[in-house]
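Chain and residue survey
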Amino acid sequence: MIVKIDNVSKSYNKTSIINSISLTIDKGERVVILGPSGCGKTTFLRMVAGFIHPDKGRIAIDGFTVVNNGKCLIEPENRQVGMVFQDLALWPHMNVYENLAFGLKAKKVPKIEREKRIGTILEKVQMVHFKNTFPGNLSGGQQQRIALARALVMQPKILLMDEPLSNLDIDLNLLLRKEILRLQEELAITMLYVTHDRDEAFSLATRIVVMGGGEIQKTGTVKEVSEYLSKLSRECS
Amino acid sequence: MTKKITLWIAVLLLIVIGLAPVLSMFIKSLFVDGALSLKNYQLLFQAKREWILLSNSFTLAGATTLITILLGVPLGILFSKTDLPLKKLFTILFVIPLIIPPYILALAWFYLCGRSGVVATVFGEKIGIFTSHFLFGFPGTLFVMVSTLLPIVIIMTMTYLRMVNPRLEEAAKLSARWPLVLKSVTIPVIKPGIFLAGLIVFILTLGEFGVPSSLRFDVFAVESFIQFSAFYNFNAATAAAIPLGVITLIILMGERIFLRKKTIQFRLAREAMTIIPLGKTKQFFFIAVITLAFILTALPIGILLIKSFSLPAYNEAFTRSIDSIIRSLLYASIGATCLVALGFFLGYLLERKAFRFSYAADSIAIFLFALPGTVIGIGLISLWNTQATNFIYASIAIILFGYIAQYTALGERIMAATFSQIPHSMEEAAQSVGAGWFRRLFYILIPFAKRGIIAAWLVGFIFCLRDLGITMMVYPPAHDTLPVRIFTLMANSPEEVIAALCMIMIVITFLPLSMLALVLKYMGSKDDSKN
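A short tour of the structure in this document, coming up. (Residues numbered from 1 in each chain as written. Chains lettered and ligands numbered in written order. Predicted model: local features only at pLDDT ≥ 70, side-chain atom pairs only at ≥ 80, totals over all residues. Heavy atoms only, no water.)

**Describing the pairing of strand 4 (residues 56–61) of chain A**
All names here are of chain A. Note that strand 1 (residues 3–12) and strand 4 share five bridges and pair antiparallel. Across the sheet, the residue bridging to V3 is I61, located in strand 4. Count of turn residues in the strand 4/strand 5 (residues 64–68) antiparallel hairpin: two residues, of which D62 carries a positive phi of about 50 degrees. (Pairing = 2+ DSSP bridges. Helix = DSSP H or I, 4+ residues; strand = E, 2+ residues; numbered from the N terminus.)

**Notes on the interface of chain B and chain A**
Chain B puts 18 residues into the contact, and the matching count from chain A is 23 residues. The interface formed by chain B and chain A includes three salt bridges. With its nearest N and O atoms 2.5 Å apart, the salt bridge here joins E170 of chain B to R46 of chain A. Secondary structure elements with two or more residues in the side of chain B that touches chain A: helix 9 (166–173) and helix 10 (178–189) of chain B. Of all the elements, helix 9 of chain B adds the most residues to the side of chain B that touches chain A, at six residues. Taken together, the residues of the side of chain B that touches chain A break down into ten nonpolar, three polar and five charged. (Contact = heavy atoms within 4.5 Å. Salt bridge = Lys/Arg side-chain N within 4 Å of Asp/Glu carboxyl O. Nonpolar A, V, L, I, M, F, W, Y, C, P; charged D, E, K, R; others polar.)

**Some points on the pattern of salt bridges**
Close approach of charged atoms lets side chains of opposite charge pair. Residue and element names in this part refer to chain A. Tallied over the entire structure, the rule returns 29 salt bridges over all chains. Of the charged contacts, one joins R117 and E113 as a salt bridge, the two residues approaching to 3.5 Å between their closest N and O atoms. Of the two residues, R117 and E113 are both situated in helix 3 (residues 111–124); the distance of four residues between them amounts to about one turn of the helix. Classification of R117 by relative accessible area gives buried; the value is 16%. Since its relative accessible area comes to 32%, E113 is described here as partly exposed. Among the charged side chains, a salt-bridge network with shared partners connects K124, R145, E179, R182 and E186. (Buried < 20%, exposed > 50% of the residue type's maximum accessible area, 1.4 Å probe, protein only.)

**Focus on the side chain of S9 of chain A**
Here S9 of chain A lies in strand 1. Classification of S9 of chain A by relative accessible area gives buried; the value is 14%.

**Regarding helix 4 (residues 87–99) of chain B**
End to end, helix 4 of chain B covers 19 Å across 13 residues, agreeing with the expected 18 Å (1.5 Å per residue, within 8%). All buried positions along helix 4 of chain B are accounted for by F90, T91, F94, V95, I96, P97, L98 and I99 of chain B. (Expected span 1.5 Å × (residues − 1).)

Written out as C-alpha cells, the structure reads:
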C-alpha cells in the first residue's frame with residue numbers, strides 16, 4: 001500500500017469541505033477521483049501533496065505518517081510525491097532542462113545522474129529536442145508533456161494529477177490520455193488523478209472514487225462506477 | 001465624438017501644463033542674447049564642480065537603490081508571504097516615512113545626531129561630533145534617502161508577490177525548501193517588479209534636493225536650485241536642470257524598451273497567496289523587523305515629538321504658520337481634485353486605449369513624474385513668467401500647474417488600474433440602450449470607480465501637501481505652503497518650534513489618511529450588506 005488516508009476532514013470558515021474520508025491506494029494503481037466542481041476533490045489532492053493540512057485524520061505515504069490531526073509531520077518536499085497542476089505551473093523563467101533539473105538539484109542528485117534522468121524522461125515524453133526551449137515557446141500539448149516529465153523525473157512514490165487535461169481541445173485530450181497510460185505502464189507509477197470528466201475517468205482509471213459534497217459516494221472499478229452512475233441518472237430522471 | 005473631445009482636452013491640458021514648460025525651458029537654454037548657442041552648457045560642463053556633483057548624484061542614487069532593494073525585497077516577502085506576527089502594523093510603520101516630506105526626517109535625525117543633538121547631550125560632545133560627521137555628508141544623506149524610499153520597494157515587492165501564481169511555488173515546494181523556492185522561483189518571477197522599484201528609487205533620489213541640501217551633500221539637483229535662488233542666474237539654472245531631465249528620459253526609454261520586453265506575464269490567481277511558516281526563525285525576524293521599524297520610523301518621529309513637547313512651541317508654531325497650514329490644505333485639496341479630474345480621463349484613455357496616442361500621453365505623464373521638482377519649477381517659470389501670463393504666474397495657479405505637471409501620473413495610473421476592474425460590457429450595455437458619453441460617465445463609470453477616485457484623490461492630496469521641490473521654486477509672494485515655511489524657517493528659528501511645525505505637518509498628512517480608511521471601511525461594509 002502506497003497511500004493510506006484515515007478519516008480525513010477539512011473545513012473552511014465552519015463550512016465542511018472534506019468530511020471524514022478514508023481511502024487506500026496500492027502500488028501501481030490508477031485511482032481517479034471523479035466529482036463535480038466544488039465537491040472537494042482538489043482539496044483532497046492538495047492534502048495528500050501537503051499544501052493543505054486536514055483538521056482531523058491521518059495520511060500516510062509509503063508507510064510514513066505525513067500528517068496527523070492537523071499536525072504536519074513531513075513537509076511536501078520530503079513526501080516523495082509528484083504533481084501535475086491544472087494550469088501546469090511551468091516556471092516561465094527557466095527553460096525545459098532547468099524546469100526538470102530544479103528538483104533534482106534541490107535533492108542534490110549528482111550531475112551525471114541528473115543528466116541521465118533528464119535525458120531518459122525527455123525521451124519518454126518525446127521532447128528531447130526542446131531541452132533549451134522556454135515554456136512560453138511550447139504548444140499546449142508540449143507544455144503538458146514537460147509538466148508530466150517534471151513530475152516523473154523525481155521518481156515519486158505517487159503521481160498526483162489535478163485535472164491536467166481540462167484546458168485542452170478534445171483531440172489533444174485523447175492523445176495525451178494515451179500518453180499518460182503509456183508512461184504509467186512503462187514506469188509502473190502509482191497515480192491519483194482528479195477530474196470532473198466521466199470519459200477521462202473511465203479511460204484512465206483502474207479504480208474510480210466518486211466524490212460529492214466532501215464525501216466519498218462510491219468506490220469501484222470502471223464497470224461498477226459506470227453502473228452506479230447510470231442507476232443514479234435513471235433515479236434522478 | 002464628445003468622448004474623443006473630452007479625452008483630447010485632457011491630453012492637451014497635460015501637454016500645455018506639463019510638457020510645454022519643460023520644452024520651453026530647454027529651448028530657452030539654447031539661446032544666449034537672442035542667438036542660438038551652447039554657451040550655457042559649455043560654461044556648466046567646463047566647471048569641474050559640475051562633474052563632481054553629477055558623480056555625487058549618481059553615487060547617492062546608486063547606493064540608495066542598492067540598499068533599498070537589499071532591504072525592501074526581504075521585508076516585502078516577510079510582510080506578504082509569511083506568518084510574521086503584526087505584519088499589517090509593520091507595513092504601515094514602514095510606509096510612514098514615504099508620506100512625510102523627506103527633509104523632515106533629515107531634520108529629526110539632525111535633532112538626534114547633530115553636534116548639540118540628543119546623542120551629544122546623553123553621551124557627550126565627542127560622540128556628538130562623531131554622529132554629526134556621519135549625518136552631514138554622504139552617509140547621513142544616504143541613510144535618510146534609504147529610510148524615505150524603502151517603502152517603495154516594500155510596496156512594489158508586496159504588489160508583485162500578490163500577482164504570482166501560487167502553483168508555481170507549490171510545484172517547486174514538492175522538491176525544495178522555502179529558501180530555495182524563493183531564490184529560484186518567486187524572486188526571479190517578480191524580478192521585473194524589483195527592477196521597476198529600483199528604477200523609481202534611482203530617479204527619485206536623483207531628483208531629491210530637500211535632504212541633500214539639509215544635510216549638506218552637494219548633488220546636481222541642488223545646483224539648479226542654488227543657481228536660481230541664490231545667484232538668480234536663470235540660464236545657468238536651466239542648463240543645470242537639463243542634464244537631470246536628459247538622464248531621466250534615457251532611464252525611462254531604457255525601461256520602456258528593455259524592462260517591458262523582459263516582463264513576465266503572470267496569471268492573476270484568485271487563490272490565496274501561499275504563506276511561508278517561519279517556524280523557529282519567527283522570533284528572530286520579529287525582533288529584526290521591530291528594531292528596523294523603531295530606527296526608521298519610531299525614532300525620528302519620537303524625537304520630533306519630544307523636541308516639540310511644549311505648549312508655547314505649538315502656540316508659536318501655529319502663530320507663525322497658521323496661514324501656511326490653511327494654504328497647504330487648500331492648495332493640496334484643489335490640486336488633488338485637479339489630479340483626479342485629469343487622471344480620470346487619462347487613466348480611461350490608457351486602460352481602454354481609446355485612441356492611438358494613449359501610450360504617448362502615459363509616457364509624458366510618467367516622464368514628468370520622474371523629473372525633479374526643481375526642473376519642473378524652472379520650466380514653469382520659464383514659460384509663464386511673462387507680462388501677458390502674469391495672472392497665472394503671480395497666483396495660486398502656478399502652484400497648481402506644478403502639482404498637475406508633476407503628479408498627474410499618480411492619478412492616471414490609479415484610475416487606469418480602477419478601470420481595468422470595470423468590465424467593458426458595463427459601459428457597452430449602457431451604450432447599447434442609447435446612453436451618451438456623459439450619461440455613461442455619470443451613471444456607470446463614476447459610480448463604479450468611486451473607490452479608485454477616493455484613493456487617487458488621497459494620494460494626490462498627500463503628494464501635493466508634502467511637495468517642496470516645485471512649490472519652493474514657483475510660489476508667489478504670500479502663497480508659501482507649510483513645507484516651504486518649515487524649510488525657510490529651519491535655519492533661524494528655535495528648534496522646538498520647527499519640531500512642532502514638523503509634527504503639525506505629519507498630523508495634517510495623516511488626518512485624511514485616517515478619514516479614507518474610515519470611508520473605505522464604511523463603503524466596504526455597505527457593499528457587503530448589499531451582497
